[in-house]
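Architecture and fold: a report
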Amino acid sequence: MGVADPLKGQVPLGLLVLKAGVGRSADAIEDEAVALVRERIGPIASFKTALVVDRLPKTRSGKILRGTMRRIADGEEYRMPATIDDPAILGEIGEALRRAGYPLK
């Protein structure tokens, strides 16, 4: 998803959900994801941040709430969607983003 950047307007941020039983460290997987995108697309993609999270917020019909996650990353106000499957996930995403330094000040 795109998150606010003072220089470029928006830059990509990746949220990764790992399959059960993955034995590698989250840091190694995050670094590998960034390297893979930069290798395949190139540095012009400006992809520098990938975060491993336990789960992504979805509606009951299975759609991922990208707009809500972007608002959380940008420090904007957001409404809890009425159709969210598990509201606690937004708190988990917010905590992961805070650990990574979002929202940017």
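By convention here, each chain's residues receive numbers from 1 onward along its written sequence. Owing to the predicted nature of the model, reporting of local features is limited to residues with pLDDT of at least 70; listing and counting of side-chain atom pairs is limited to 80 or more, with chain, interface and lining totals taken over all residues. Side-chain calculation: all heavy atoms of the structure are included, whereas hydrogens and water are not.

1. Describing helix α2 (residues 66–74)
Exposure is judged per residue with a 1.4 Å probe applied to protein chains only, and the accessible area is read against the type maximum: over 50% gives exposed, under 20% gives buried, and values in between give partly exposed. For helices the rule is a DSSP run of H or I covering at least 4 residues; for strands it is a run of E covering at least 2, with both sets numbered from the N terminus onward. Listed as buried for α2 are T68, M69, I72, A73 and D74. When checking whether two residues touch, look at their non-hydrogen atoms; a contact exists if any pair is within 4.5 Å. Summarising the contacts, the buried residues of α2 are in contact with β1 (2–5), β2 (9–17) and α3 (88–99).

2. Re the side chain of E30
Note that E30 resides in helix α1 (residues 26–40). Within this scheme the basic residues Lys and Arg register as positive and the acidic residues Asp and Glu register as negative, but His and the chain ends are omitted. The salt bridge definition used is simple: a Lys or Arg side-chain nitrogen within 4 Å of an Asp or Glu carboxyl oxygen. The charged side chain of E30 is buried without a salt bridge, its nearest counter-charge being R99 at 7.3 Å. With residues up to four places along the chain from it excluded, the contact list for E30 reads L16, A50, L51 and V52.

3. Some details on the pairing of strand β3 (residues 49–53)
Burial of β3 is extensive: four of the five residues sit out of reach of the surface. When β2 meets β3, the two strands line up parallel, connected through five bridges. Among the inter-strand pairings, L16 is bridged to a residue of β3, identified as V52. The handedness rule is simple: strands pointing away from the viewer, and a clockwise path from the first strand over the helix to the second, make the crossover right-handed. A crossover links β2 with its parallel partner β3, the connecting element being α1, and its sense is right-handed. Only strands that DSSP links by at least two bridges are regarded as paired with each other.

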